[in-house]
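# Inside the fold
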Protein chains: 2
Amino acid sequence: MKTLYVELGDQRRYPIFIGQKLLDQPDLFTPYIRGKQVCIVTNETVAPLYLSRLEKTLSAFQVDVVILPDGEAYKNLQSINTIYDQLLKGRHNRSSTIVALGGGVVGDMAGFAAATYQRGINFIQVPTTLLSQVDSSVGGKTGVNHPLGKNMIGAFHQPQSVVIDIEVLNSLPARELSAGLAEVIKYGLINDAPFFDWLENNIKSLMCYEPKDLIEAIERSCLNKADVVARDEKESSVRALLNLGHTFGHAIETAQGYGQWLHGEAVAAGMVLAAQLSQQLGWLDAGDVNRIEELLRAATLPVQPPSAMTSGQFLEIMAVDKKAIDGAIRLILLKAIGEAVIDDSVSAEQIRCLIDSPCDK
Amino acid sequence: MKTLYVELGDQRRYPIFIGQKLLDQPDLFTPYIRGKQVCIVTNETVAPLYLSRLEKTLSAFQVDVVILPDGEAYKNLQSINTIYDQLLKGRHNRSSTIVALGGGVVGDMAGFAAATYQRGINFIQVPTTLLSQVDSSVGGKTGVNHPLGKNMIGAFHQPQSVVIDIEVLNSLPARELSAGLAEVIKYGLINDAPFFDWLENNIKSLMCYEPKDLIEAIERSCLNKADVVARDEKESSVRALLNLGHTFGHAIETAQGYGQWLHGEAVAAGMVLAAQLSQQLGWLDAGDVNRIEELLRAATLPVQPPSAMTSGQFLEIMAVDKKAIDGAIRLILLKAIGEAVIDDSVSAEQIRCLIDSPCDK
């Protein structure tokens, strides 16, 4: 088992445990639960696979369970209300701990419920997808979607600990493993060129669920994200770099309807668009863009947006994206592989050309 | 005009402005608005009185308005959704500022919407009731009610500034002025014996809306609350003292249905119960309890709970109160007038006797 710590400043930090069979180890949970009450939040897909094991591990506590429907389509305030109802019916007080057992959607909702129940209670993340293991388990972002925009409702709320049992990935569909690899590749692109090289050399064994390499990839991803988050807990500046590919990606997800494209797939296509804009600005060369596309293809990820999507749709949706500052479009681009920057220079016209014309694609 | 600052630690602080005709002064607002967009959240009662004046004061900005129905009964997630909808339709981004124009209910909801829209945007409080001026404008508590409990959903979120124009109190019903005075008296009881003495001497002029004394009472109340909050932003310990009378008060409000008793009225009756328990513990003498009851009566506030309410109702509701720690009942009691303490020693039996028997009442 590997343990790393996310430093939050203000003398707070929390551990991330990464290894095999961690779901069965009470010692990884008990020190991070303050009161006697625990509420496990999970979904219909994950519950039959891992819920009873986790309940057994937490048997020293009074455990309630909320099983939500599976999918991004249910990441809304109604599901949050379902969690509130269970917490109140179970008379959970401020010392209660929510344990999120599931992917990013479960983690975001359980975290938001924890952030807002009685003005904030503790929670522990047990992420069961590669995406959530490397993304939503680090950084404290929680929230739900609104019909007019993704992740528009939310709060920052840090977990007490994160328990990543990589054996749960054996039950993860291949398409979801790939979606998680999109975020893994993102960390190489924005912050860690040697990790990008390592990924080029090890993408095949990752696609085959090789435990040693998965642990390595998750650890290096979390370290990269933790490094950025520790420098900027509230996303005022440097943390925005983590949004590489996300502004385009959110537009794709919104236009297609939540759940049609997986988040990681949309981010993959978004990263290629960002790379192409970076090439137009003279920062990347054609070889760099090609390496990026090749690595994403090796992870069986899309390298362009849905063919039916127009630039008009992109611009319409991106204008309400929460990364927008007073109407200007802020994008994360690449000075080089391993070096992302915040950029405000790209015009709507350049995006129109990129999406609608063949350009360099 | 008086200005005081609430220190939040972490080098953050915000000003509270107290005076007359402040609603018309752009200079009190503009420095605390980051972007170009403002959303005023108010209600149907306050809007006809003060909205147009505030809109004129904020005319340098793009101003949207949300007018909610008036009353605690509407302090729920549905109203929060109404605010989210307007923010998204108006394409408000992370630089937007919410301005809460109204009493505590409006402030709590506008603050919670600000805490959770795009994971947190700025907000400014313009409290229009005495209660909200001395209570909810300081401390950063925001939230809504749930059918199973008051203020069960919420977040801590600090305003950028608070603008208290005491002239708005001229339109406040006398019953609401009294309810506000309950919280004013509370600060004397928990933290400031000289202020309690001052209130005994000035309660009549306060009841007559005398501006100079109102400004004095609001300032000293805010200073007392700010003093406690600055020491304990997240309510882990000392801040709990502010809940004097509130555990009983919440039980009264819940049992009667929100909005039947005003919050301040319920707190007044709750403070008398706390004083009576403090007398039973030998901390207060009969003269102290009498002074407290006399001052509350002079403010035309109730000094006992609804006669039909049983101890069973109190205990049932208090067990889910968020101040409860793993089932024990935590109360704020008085060592003396001006010195509140956290106490875990009172049994259900003592509360049963206090409510159901004549005892010392």
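Described below are features of the structure shown in this document. Worth saying up front: this structure is predicted, and the values here are computed from it rather than measured.

Looking only at helices and strands, chain A has 12 helices and 11 strands in total. Intrachain contacts of chain A at a sequence separation of at least 6 include 74% that bridge at least 24 residues. Looking at chain A, you have 32 positive and 42 negative side-chain charges, and the mean spots of the two groups are 6 Å apart.

Structural remark: α-helix, 3.6 residues per turn; residues separated by three or four positions point the same way. Residues and elements named next belong to chain B. Taken together, the buried positions of helix H12 (residues 348-356) are occupied by Ile351, Leu354 and Ile355. Down the axis, H12 shows its buried residues gathered within 90° of arc, on one side only. Considering only its buried residues, H12 is in contact with helix H8 (246-256), helix H9 (263-280), helix H11 (311-318) and strand E10 (331-336).

Residues and elements named next belong to chain B. The 7 strands are arranged E1-E2-E9-E6-E5-E3-E4 in an open sheet whose pairing can be described as mixed. Two strands bound the open sheet, and with one partner strand each, they are strand E1 (2-9) and strand E4 (62-68). Direction aside, neighbouring strands of the sheet carry axes that sit 15° apart on average. In this structure, strand E3 (residues 37-43) lies alongside E4, joined through 7 bridges in parallel fashion. In the strand pairing of E4, isoleucine 40 is matched with valine 65. Where helix H2 (residues 77-89) meets the sheet, its contacts fall on E3, E4 and strand E5 (97-102), and the angle it forms with E4 comes to roughly 160°.

With respect to the helices and strands, phenylalanine 112 of chain A occurs in helix H3 (residues 104-116). Overall, the relative accessible area of 1% leaves phenylalanine 112 of chain A in the buried class. Measuring from C-alpha to C-alpha, the distance between phenylalanine 112 of chain A and leucine 331 of chain A comes to 26 Å, with 219 residues separating the pair along the chain. Sequence-distant contacts of phenylalanine 112 of chain A, defined by excluding residues within four places in its chain, comprise Leu77, Ile80, Tyr84, Thr142, Gly143, Ile153, Gly154 and Ala155 of chain A together with Thr116 of chain B.

Residues and elements named next belong to chain B. Applying the stated criterion across every chain, the model contains 40 salt bridges over all chains. The residue glutamate 219 makes a salt bridge to lysine 2 at a minimum N-O spacing of 3.0 Å. Note that glutamate 219 is positioned in helix H7 (residues 211-231) and lysine 2 in strand E1, a separation of 217 residues in sequence. Judged by its relative accessible area of 16%, glutamate 219 is buried. Accessibility expressed as a relative area gives 32% for lysine 2, which makes it partly exposed. A salt bridge links arginine 220 to glutamate 216; the shortest N-O distance between them is 3.4 Å.

Our next topic: the relation of the copies chain A and chain B. Taken as rigid bodies, chain A and chain B are interconverted by a rotation of 180° and an axial shift of 0.0 Å, the fit giving an RMSD of 0.0 Å. Here the transformation between the copies is reduced to the relation of a two-fold axis. Both copies present the same face, since 100% of the interface residues in chain A are matched by interface residues at the equivalent positions in chain B.

On to the interface of chain A and chain B, then. Opposite the 39 residues of chain A that make contact, chain B presents 39 residues. Around 3,500 Å² of area is buried between chain A and chain B when both sides are counted, 53% of it from carbon and sulfur atoms. The tally of links from chain A across to chain B stands at 2 salt bridges. The salt bridge partner of glutamate 316 of chain B is arginine 91 of chain A, with a shortest N-O separation of 3.0 Å. Inspection of the chain A/chain B interface yields 10 residue pairs in polar contact (both at pLDDT 80 or more). At the level of secondary structure, the elements contributing two or more residues to the side of chain A that touches chain B comprise helix H2 (77-89), H3, strand E7 (141-146) and strand E8 (149-156) of chain A. Each residue belonging to the side of chain A that touches chain B can be placed in one class, and the counts come to 15 nonpolar, 13 polar and 11 charged.

Looking now at the sheet that holds strand E4 (residues 62-68) of chain A. All names here are of chain A. With mixed pairing, 7 strands are arranged side by side in an open sheet as E1-E2-E9-E6-E5-E3-E4. At either margin of the open sheet sits one strand with a lone partner, and together these are strand E1 (2-9) and E4. The mean angle between the axes of side-by-side strands here comes to 15°, regardless of whether they run parallel or antiparallel. Judged from the 4 bridges that link them, strand E2 (residues 12-19) and strand E9 (residues 161-165) form a sheet pairing that is parallel. Bridge pairing in E9 places isoleucine 16 opposite valine 162. Sheet strands in contact with helix H1 (residues 47-57) are strand E3 (37-43), E4, strand E5 (97-102) and E9, and its direction is about 165° off that of E3. Contacts between H3 and the sheet are confined to E3, E4, E5 and strand E6 (122-127), with E5 contributing the most and set at about 170° to the helix.

To continue, consider H11 of chain B. Burial in H11 of chain B covers these residues: Ser311, Phe314, Leu315, Ile317 and Met318 of chain B. For H11 of chain B, the elements touching its buried residues are H8, H9, E10 and H12 of chain B.

Structurally, the position occupied by aspartate 165 of chain A is in strand E9. Among the polar contacts made by the side chain of aspartate 165 of chain A, one reaches the main-chain amide nitrogen of leucine 23 of chain A at a distance of 3.0 Å.

Moving on to the packing of helix H9 (residues 263-280) of chain A against helix H12 (residues 348-356) of chain A. All names here are of chain A. Running from N to C, H9 and H12 point in directions that differ by 120°, and their axes come no closer than 11 Å. Taken together, the axis directions place H9 and H12 in an arrangement best described as oblique. Note on packing geometry: the crossing formed by H9 with H12 is right-handed. Residues Leu273, Gln276, Leu277 and Gln280 of H9 form the contact with H12, whose participating residues are Gln350, Leu354 and Ile355.

Reading the values: the criteria
Residues numbered from 1 in each chain as written. Chains lettered and ligands numbered in written order. Predicted model: local features only at pLDDT ≥ 70, side-chain atom pairs only at ≥ 80, totals over all residues. Heavy atoms only, no water. Helix = DSSP H or I, 4+ residues; strand = E, 2+ residues; numbered from the N terminus. Contact = heavy atoms within 4.5 Å. Lys, Arg positive; Asp, Glu negative; His and termini not counted. Charge placed at Lys NZ, Arg CZ, Asp CG, Glu CD. Buried < 20%, exposed > 50% of the residue type's maximum accessible area, 1.4 Å probe, protein only. Arc of directions from axis to C-beta. Pairing = 2+ DSSP bridges. Axes fitted to C-alpha atoms, helices over the stretch in contact; angles between N-to-C directions. Salt bridge = Lys/Arg side-chain N within 4 Å of Asp/Glu carboxyl O. Least-squares fit on C-alpha atoms with pLDDT ≥ 70 in both. Buried area = accessible area lost by both parts, 1.4 Å probe. Polar contact = N/O pair within 3.5 Å; in protein donor to acceptor, adjacent residues only side chain to side chain. Nonpolar A, V, L, I, M, F, W, Y, C, P; charged D, E, K, R; others polar. Parallel < 35°, antiparallel > 145°, perpendicular 65-115°, else oblique. Left-handed = near helix turned anticlockwise from the far one by under 90°.

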